[in-house]
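# Reading the structure
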Amino acid sequence: MSIILRLAWRNLWRHKRRTWLTVSAMVFSNVLLVFMISLQLGTYKMMIDNTLNAFSGHIQVQHHLYNDDPKIRYSIPEIIQLTGQLQHALGSDAVSARASAFALASSEQRSYGIQIIGVQPQSEFKVSTIPGLVKEGRYLSDPYAEEIVIGKVLARNLKVKVGDELTLLGSGRDGSFAAGIVKIAGIYESGLTDLDRGMVEMPLLYFQQLFVMENQGHAIVVNVPDLFEVNQWQQKIIQQIKVQPELLALNWMELQPGLLQAIQADMSSAWFMYGILIILVAFSVLNTQLMSVLERTREFGITMALGLKPGKLARLIILETGLMASLGLLLGCLIGFLITLYYQRYGFYYPGMEEMAIKFNLPDRMYPSASWLSVLFGPLIVYLFSMLATLYPALRLYFLRPVDAMRAA
Amino acid sequence: MTAISCKALCRTFQQGEVKITGLDQVTIDIDDGEFVCLSGPSGSGKTTLLNAMGGLDTPDSGQITVNSQRIDHLSKGEMADMRLHKIGFVFQAYNLIPVLTAQENIEFVMQVQGVPATKRHIKSLEVLKEVGLEGAADRLPSQLSGGQQQRVAVARAIVSKPTLILADEPTANLDTKTASQLMDLFVELNRHHKITFVISTHDQRIMTYARRLIKMQDGKIISDEKLSSAIQ
Ligand SMILES: Nc1ncnc2c1ncn2[C@@H]1O[C@H](COP(=O)(O)OP(=O)(O)O)[C@@H](O)[C@H]1O
Ligand SMILES: [Mg+2]
């Protein structure tokens, strides 16, 4: 070990308690940051996955007016062919066509307004969790069948069960009167109240016939294996549809602006808190190193008299902080990581989550997700600010004159 | 050859409203290999003169030449390099870095000089032996007596083979016996390594070692005499 490094290390322990206090402040904030950031990322991932996987998918191809104004006539022509083309181009079967319309659903006893989604039974389960959430009966299978799956709340409201029939009344794409009788094949429960109460699914081909859609639909839903690849996939899709200028490929942030806003709002309030924490640590480093420089003035004077330049001494101070901050980083990351791992396994409950949980289809327990990013990001910022806080005490050395320093008793 | 040449050095200090004279028209020449004592009462300007010679402080006017180089014209960095390689300093006390052992204190300066590790190790033990501290290499300054600490400082000063050692009251904190041992060491280094010594003191006994005694008062040189009776 070089003498300079040895010197820096031993200098740290000249005031054991003071150094430990500063290191503890770093460790404490690092542990908190590791845990909180892991929890945040875990929560966001769950929010995104749960919301997107349930229904909207990561990317949708739509008519360019449909997202802002979902009218039945803003449709995609030749939707089944285009879906096949995208499946081929993307090399993925998580691509599925949908159509959507509003209608009045009536059972023997009651009527409710609902949203009907026409889906491709063979591929819908690749882009949505609804097919897997059927609790009674079964999901759709025959692409032409005049059948339907409905949400649990709607079933209760309509007082119907699997095997019952519903009468649907609406208007077709051409404005004509659309009416049909469908059999309830299954009842799903997603936990998302809006869906369970008002959304039903039927085979796309029957939907097209019922609502006079010809070979049209409203959305091609694409699921991407990794959230980080969304932009790349979106670009590929744009390449495929650019011959049809009336079509758009929208990503989940455009499809679900509320989700992104919720994440951003949560993130900025969290970072406000982290910012305060980091600044407190930086001040504690500043204080420690300033004291440590001041009380060594005489010693620095002598070493400068021996021929050490202020730059070397400044580097020594920076090295000392570097060692201290590395200790804080190491311990903080380690402890933070272990705590995070524990809760990643057993879950973490915090009050005030219920509202968000209901809105974004989350369990009441949160599971932090430890990754390189979540473990290192916060502590590295603490490290950086600790080093920045050392610049002032280090810079003071440039203005130290050896003669004055040695006179300072 | 002239080791140090000072011409008309003046230095005043401002302390609030009062002007304090540190050096007043000091002119001296010291030759290579000389063994000079600067004496004078406290406040007479000894430290100020040594600091000027070592480039720790810049006089208000006058010229200083060390090893035929005008040091009053050097930048701070050049001056630091000069001290690092050519001039050794020994102060009254607190010479050593308290968290480094005797050997590490010496190696520290050598590392700054850019000496490779193995050479550092060998050389530092060599100079410790030369000052009679071969057994104390691994001791911290706090585990050494005052005299031993001063010897380590001397060892550190001579390790880079300087041509000049400036010692500011090096014996002030030592008892008579230890002080004369340290002076014996200086005399020996002066003789064997041809290092020029300028030692300030206000101790009568130390002055008996000097071959040249310069007396100062109120920032002026009041006498400068060669002594043949010096203990050598
Ligand atoms: N940095 C300084 N500021 C103010 N006065 C100083 C400073 N350095 C030295 N002096 C004054 O200059 C005079 C000479 O001091 P010094 O050279 O330390 O004397 P000596 O070393 O002979 O005791 C003293 O009066 C001292 O108080
Ligand atoms: Mg003095």
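As the structure is a computational prediction, the values presented were derived from the model and not from experiment.

Right, let's talk about the side chain of Asn105(B) for a bit. Residues and elements named next belong to chain B. By secondary structure assignment, the location of Asn105 is in helix H3 (residues 102-113). A polar side-chain atom of Asn105 sits 2.8 Å from the main-chain amide nitrogen of Ile97. Those residues in contact with Asn105 that sit more than four places away from it in its chain are Leu96, Ile97, Leu100, Pro141, Val152 and Arg156.

Once that is clear, we can look at the sheet that holds strand S3 (residues 35-39) of chain B. Residues and elements named next belong to chain B. With mixed pairing, six strands are arranged side by side in an open sheet as S6-S7-S8-S3-S9-S10. Across the chains shown, the open sheet's two edge strands, defined by having one partner strand only, are strand S6 (87-90) and strand S10 (220-226). For this sheet, the mean angle separating the axes of adjacent strands, direction not counted, is 15°. Sheet topology places strand S9 (residues 212-217) next to S10; six bridges connect them, and they run antiparallel. Note that in S10 the partner of Arg212 across the bridge is Lys226. Packed on one face of the sheet, helix H6 (residues 176-193) meets S3, strand S7 (164-168) and strand S8 (196-201) and runs near 155° to S8.

Let us now look at the pattern of salt bridges. Taken as a whole, this structure holds 25 salt bridges over all chains when the rule is applied. Where Lys45(A) meets Asp49(A), a salt bridge forms, and the shortest distance between an N and an O atom there is 3.0 Å. Note that Lys45(A) and Asp49(A) are positioned in helix H2 (residues 16-56) at a spacing of four residues, about one turn of the helix. Take Asp49(A): its relative accessible area is 22%, and that puts it in the partly exposed class. Linking Asp69(A) and Lys71(A) is a salt bridge whose minimum nitrogen-to-oxygen distance equals 2.8 Å. Among the charged side chains, a salt-bridge network with shared partners connects Arg401(A), Asp404(A), Arg11(B), Asp57(B) and Asp60(B).

With respect to spatial proximity, 13 residues lie near ligand 1, and among them Arg407(A), Gly43(B), Lys46(B), Thr47(B) and Thr48(B) are the closest. At the site occupied by ligand 1, nearby residues are drawn from chains A and B. Interatomic distance of 2.7 Å between a backbone N/O atom of Gly43(B) and an oxygen atom of ligand 1. Between ligand 1 and Lys46(B), the relevant distance is 2.9 Å, taken from an oxygen atom to a main-chain nitrogen or oxygen of the residue.

Facing 24 residues of chain A, the contacting portion of chain B comprises 28 residues. For chain A, the biggest contributors to the area lost against chain B are Ile3(A), Arg10(A) and Leu306(A); these three give 25% of the whole. The interface formed by chain A and chain B contains four salt bridges. Secondary-structure elements contributing two or more residues to the side of chain A that touches chain B are helix H1 (3-12), helix H11 (297-305) and helix H15 (402-407) of chain A. For the side of chain A that touches chain B, the per-class residue count stands at 12 nonpolar, four polar and eight charged.

Let us now look at the sheet that holds strand S4 (residues 61-66) of chain B. Residues and elements named next belong to chain B. An order of S2-S1-S4-S5 is seen for the four strands of this open sheet, with the pairing classed as antiparallel. With partners counted over all chains shown, the strands left at the sheet margins are strand S2 (18-31) and strand S5 (69-70), one partner each. Strand direction decides the pairing type here: strand S1 (residues 2-15) and S2, joined by 10 bridges, are antiparallel. Each residue of the ladder has a partner; that of Ser5, found in S2, is Asp29. Lying on the sheet, helix H1 (residues 46-53) is in contact with S1, S2 and S4; it crosses S2 at an angle near 60°.

Right, let's talk about the nonpolar core for a bit. Nonpolar side chains in soluble globular proteins generally cluster together in the buried interior. Ranked by internal contacts, the top residues of the largest apolar core, which has 52 residues, are Ile116(A), Ile150(A), Leu168(A), Met202(A) and Phe211(A). Top contributing element to this core by residue count: strand S2 (residues 95-106) of chain A, with six residues. Viewed by domain, this core spans two of them, domain 1 (2-52 + 259-407) and domain 2 (59-223) of chain A, each represented by three or more residues. Apart from residues no more than four positions distant in its own chain, Met202(A) is found in contact with Ile116(A), Ile117(A), Gly118(A), Val119(A), Leu140(A), Glu147(A), Ile148(A), Leu168(A), Val182(A), Phe207(A) and Leu210(A). Core analysis: the next-biggest nonpolar cluster, separate from the first, contains 40 residues, Ala102(B), Val152(B), Ala157(B) and Ile206(B) among them.

What follows deals with the domain arrangement of chain A. By domain assignment, chain A separates into domain 1 (2-52 + 259-407) and domain 2 (59-223). Its C-alpha centre places domain 1 of chain A at a distance of 52 Å from the equivalent point of domain 2 of chain A.

Moving on, we come to a nonpolar patch on the surface. All names here are of chain A. A grouping of Trp20, Leu331, Leu334, Ile335, Phe337, Leu338, Ile339 and Leu341 is seen on the molecular surface, where their side chains present a nonpolar patch of about 670 Å² in accessible area. A total of seven residues in the nonpolar patch trace back to one element, the largest contributor, which is helix H12 (residues 310-346). Along the chain, the position of Leu334 falls in helix H12.

All names here are of chain A. Pairing between S2 and strand S3 (residues 111-119): nine bridges, direction antiparallel. Within S3, the residue paired with Ser100 across the bridge is Ile117. Following S2, the chain reverses through four residues before pairing antiparallel with S3. Pairing of S3 with strand S8 (residues 199-203), which is carried by five bridges, proceeds in the parallel orientation. Counterpart to Ile117 in the pairing with S8 is Glu201.

Criteria and thresholds
- Counting starts from 1 at the beginning of each chain's written sequence and moves along it residue by residue.
- In the order they appear in the text, chains get letters beginning with A and ligands get numbers beginning with 1.
- Owing to the predicted nature of the model, reporting of local features is limited to residues with pLDDT of at least 70; listing and counting of side-chain atom pairs is limited to 80 or more, with chain, interface and lining totals taken over all residues.
- Derived side-chain values reflect all non-hydrogen atoms in the structure, with water molecules and hydrogen atoms excluded from consideration.
- Numbering of helices and strands starts at the N terminus; helices are DSSP runs of H or I of at least 4 residues and strands are runs of E of at least 2.
- Nitrogen and oxygen atoms within 3.5 Å of one another constitute a polar contact, given that in protein one can donate a hydrogen and the other can accept it, and given that sequence-neighbouring residues count only through two side-chain atoms.
- We call two residues contacting when some pair of their heavy atoms lies within 4.5 Å.
- Two strands make a pair as long as DSSP finds a minimum of two bridges between them.
- Axis definition: a line fitted to C-alpha atoms, over the contacting stretch in the case of helices. Angles run 0 to 180 degrees between N-to-C directions.
- Whenever a carboxyl oxygen of Asp or Glu lies within 4 Å of a side-chain nitrogen of Lys or Arg, that contact is scored as a salt bridge.
- For each residue, the accessible area found with a 1.4 Å probe, counting protein chains only, is set against the maximum for its type, and the residue is called buried under 20%, exposed over 50%, and partly exposed in between.
- Here a residue counts as near a molecule or strand whenever at least one of its heavy atoms sits within 4 Å of it.
- Accessible surface is computed with a 1.4 Å probe, and the buried area is the amount of it that two parts give up when combined, taken over both parts together.
- We call Asp, Glu, Lys and Arg charged. Ala, Val, Leu, Ile, Met, Phe, Trp, Tyr, Cys and Pro are nonpolar, and the rest, Gly among them, are polar.
- As used in this record, nonpolar core signifies buried Ala, Val, Leu, Ile, Met, Phe, Trp, Tyr and Cys residues forming a set joined through side-chain atoms within 4.5 Å.
- Each domain's extent was defined by an automatic or database domain assignment.
- Only residues whose relative accessible area exceeds 30% and that form no salt bridge enter a patch; like-charged residues are grouped when within 9 Å of one another, and nonpolar side chains (Val, Leu, Ile, Met, Phe, Trp, Tyr) when within 5 Å.
- Only the protein chains shown count as cover for residues, and the accessible areas themselves come from Shrake-Rupley with a 1.4 Å probe.

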